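Descriptive analysis of the structure
What follows is the residue order along each chain.
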Amino acid sequence: MEGKVVVVTSGKGGVGKTTVTASLGAALALQGKRVAVVDMDIGLRNLDVIMGLENRIVFNVVDVVQGRCKLKQAMIKDRRINNLYLIPASQSDEKNVIQPENMKWLCNRLKKEFDFTLLDCPAGIEQGFKNSIEAADEAIVVCMPEISSVRDADRVIGLLYSRSITPKLVVNRIIPKMVERGDMLSHKDVVEVLSIDLIGLVEMDESVVVSSNTGLPIVMQKESKAGKAFMQIAMRMNGHPDLPVEDPMAPKSFWKKLGGKISRKNKVH
Amino acid sequence: MMMFNALLKKLMNRGDESKNVAKKRLKFALVYDKLEIKEDMLEDLQRDLIEVISRYFEIDRQQMSLDIERSEESSALIMNTPILAARHKKPQRNNARA
Ligand SMILES: Nc1ncnc2c1ncn2[C@@H]1O[C@H](COP(=O)(O)OP(=O)(O)OP(=O)(O)O)[C@@H](O)[C@H]1O
Ligand SMILES: [Mg+2]
């Protein structure tokens, strides 16, 4: 059976596409799937450093589509996680050296070997985006609970629909404390505005930064909230679509806990 | 004291929570964004409209105008065309009886 090609995209830059791609790639592989991740951000590659594979690059995705190397030669095998491979972007080429047909060809080959091919899309809706969605079967739209990010997500969702792809939403960098006091859109607000299905929530989590410092996959960090969230999203992609999404909770102070107890008691009486 | 303030804020001005402002602005922006259409689509629409209207009226094609007018509350498609004469024969349709 052929695998799936999933594009991770957002419109707006810096909302977490690369983090999501790296983490879901690792999570799916840890769950026993064969996974390839492709950095489509030609000229501004980053997926390699986030995955800690930057010093093993020899060939890149542009070399593959231009026939300068074999596909196998450009695939970097992750030595910590079985069945996880990275195809890095080129750092020196222009975005338009790759055309949508090239991506179709590449993804058709990857699909034969991998259960999941994840494409880390560049920000924006230009050539790199077009190349990435051309070959995709499914899409994950990443957005932050913030007005400009949601607006850009809406634009990208529209473009995906016009290619007959119904994307799923990841809301990233939620700060539960701010949501609780009404100063940040909740994931429910975002879902209501965008009216698409949610596939997961990731809180703002310091361990994401730590993991990017070390190049160690966040899903391998025990006790990381974000890591757990990514493992759950991977489960939902991987045969458990109904795994419930939990509401994020702010850590409660003593007084708040007490307040909660009292109000619960009052409700009973 | 902090807690009391937070509680007060919650009780008093629910509607003033900044996220509600964000949500309202966002909903408006998304509707507004989708109203923006490409110039050539308006031209296509004008051509199609002329074709349909011409079945019923003789119109001055050169004088016809089609525009989208936007205000803060709503948007409207405004068409203006001088009528030269009405056509009194029933328009020919595929399934119309002779
Ligand atoms: N859940 C999170 N908690 C904390 N920091 C995060 C989280 N998600 C992403 N970040 C941080 O946000 C920054 C941007 O993330 P990332 O590079 O994944 O975004 P991107 O969408 O790929 O950006 P670009 O559009 O430039 O490709 C990084 O510094 C990353 O460590
Ligand atoms: Mg990125």
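Use the structure listed above.
These notes cover the structure that comes with them.

Contacts between the two partners involve 15 residues from chain B and, on the opposite side, 15 residues from chain A. Contact between chain B and chain A buries roughly 1,400 Å² in total, counting both sides, with carbon and sulfur atoms accounting for 59%. On the chain B side of the contact with chain A, Lys-19, Lys-23 and Leu-26 of chain B bury the most area, a combined 37% of that side's loss. The interface formed by chain B and chain A includes six salt bridges. The residue Lys-19 of chain B makes a salt bridge to Asp-189 of chain A at a minimum N-O spacing of 2.8 Å. The interface formed by chain B and chain A includes nine residue pairs in polar contact (both at pLDDT 80 or more). Mapped onto the side of chain B that touches chain A, the elements with two or more residues apiece are helix H1 (2-12) and helix H2 (18-35) of chain B.

Let us now look at the site of ligand 1. All names here are of chain A. Around ligand 1, a shell composed of 16 residues is seen, among which Gly-14, Lys-17, Thr-18, Thr-19 and Arg-173 lie nearest. Here ligand 1 has 630 Å² of accessible area as a free molecule, and 78% of this is covered by the chains. It is helix H1 (residues 17-30) that provides the largest number of residues to the shell around ligand 1, a total of three residues.

Attention now moves to a nonpolar patch on the surface. Together, Val-52, Tyr-56, Phe-57 and Ile-83 of chain B give the surface a local cluster of nonpolar side chains, amounting to about 330 Å² of exposed area. Within the secondary structure layout, Phe-57 of chain B lies in strand S1 (residues 57-59).

We now examine the sheet that holds strand S7 (residues 168-174) of chain A. Pairing between the strands of a sheet comes from backbone hydrogen bonds, and it takes one of two forms, parallel or antiparallel. Residues and elements named next belong to chain A. Strands sit in the order S3-S4-S2-S5-S1-S6-S7-S8 across an open sheet of eight strands; the sheet is mixed. The open sheet is flanked by strand S3 (76-77) and strand S8 (198-203), the only strands paired with a single partner. Taken together, the five bridges between S7 and S8 define a ladder with parallel strand orientation. By the bridge assignment, Ile-174 is partnered in S8 with Glu-203. This element, helix H9 (residues 187-194), spans strand S6 (138-143), S7 and S8 of the sheet and lies at about 145° to S7. Along the sheet, helix H11 (residues 225-237) makes contact with strand S1 (4-9), strand S5 (116-120), S6, S7 and S8, crossing S8 at roughly 170°.

Reading guide: rules and limits
- Residue numbers run consecutively from 1 along every chain, following the written order of its sequence.
- Just so you know, chain letters begin at A and ligand numbers begin at 1, following the order they were written in.
- Under the rules for a predicted model, residues below a pLDDT of 70 receive no local features and side-chain atom pairs below 80 are neither given nor counted, while totals for whole chains, interfaces and linings still include all residues.
- Computation of side-chain values: all heavy atoms of the structure, hydrogens and water removed.
- Note on definitions: a residue-residue contact is assigned when non-hydrogen atoms from the two residues lie within 4.5 Å.
- Accessible surface is computed with a 1.4 Å probe, and the buried area is the amount of it that two parts give up when combined, taken over both parts together.
- One side-chain nitrogen of Lys or Arg within 4 Å of one carboxyl oxygen of Asp or Glu is enough to make a salt bridge.
- In protein, a polar contact means a hydrogen-donor-capable atom and an acceptor-capable atom, both N or O and within 3.5 Å, with residues adjacent in sequence counting only if both atoms are side-chain atoms; elsewhere, any N or O pair within 3.5 Å suffices.
- Secondary structure follows DSSP: runs of H or I at least 4 residues long count as helices, runs of E at least 2 residues long count as strands, and numbering of each begins at the N terminus.
- Being near a molecule or strand, for a residue, means having at least one of its heavy atoms within 4 Å of it.
- Using a 1.4 Å probe, accessible areas were evaluated by the Shrake-Rupley method; residue-level cover was limited to the displayed protein chains.
- Nonpolar side chains (Val, Leu, Ile, Met, Phe, Trp, Tyr) within 5 Å and like charges within 9 Å form the patches, drawn only from residues with over 30% relative accessible area and no salt bridge.
- At least two bridges found by DSSP between two strands are what make those strands a pair.
- Inter-axis angles, ranging from 0 to 180 degrees, are taken between N-to-C directions of lines fitted to C-alpha atoms, where helices are fitted over the stretch in contact.

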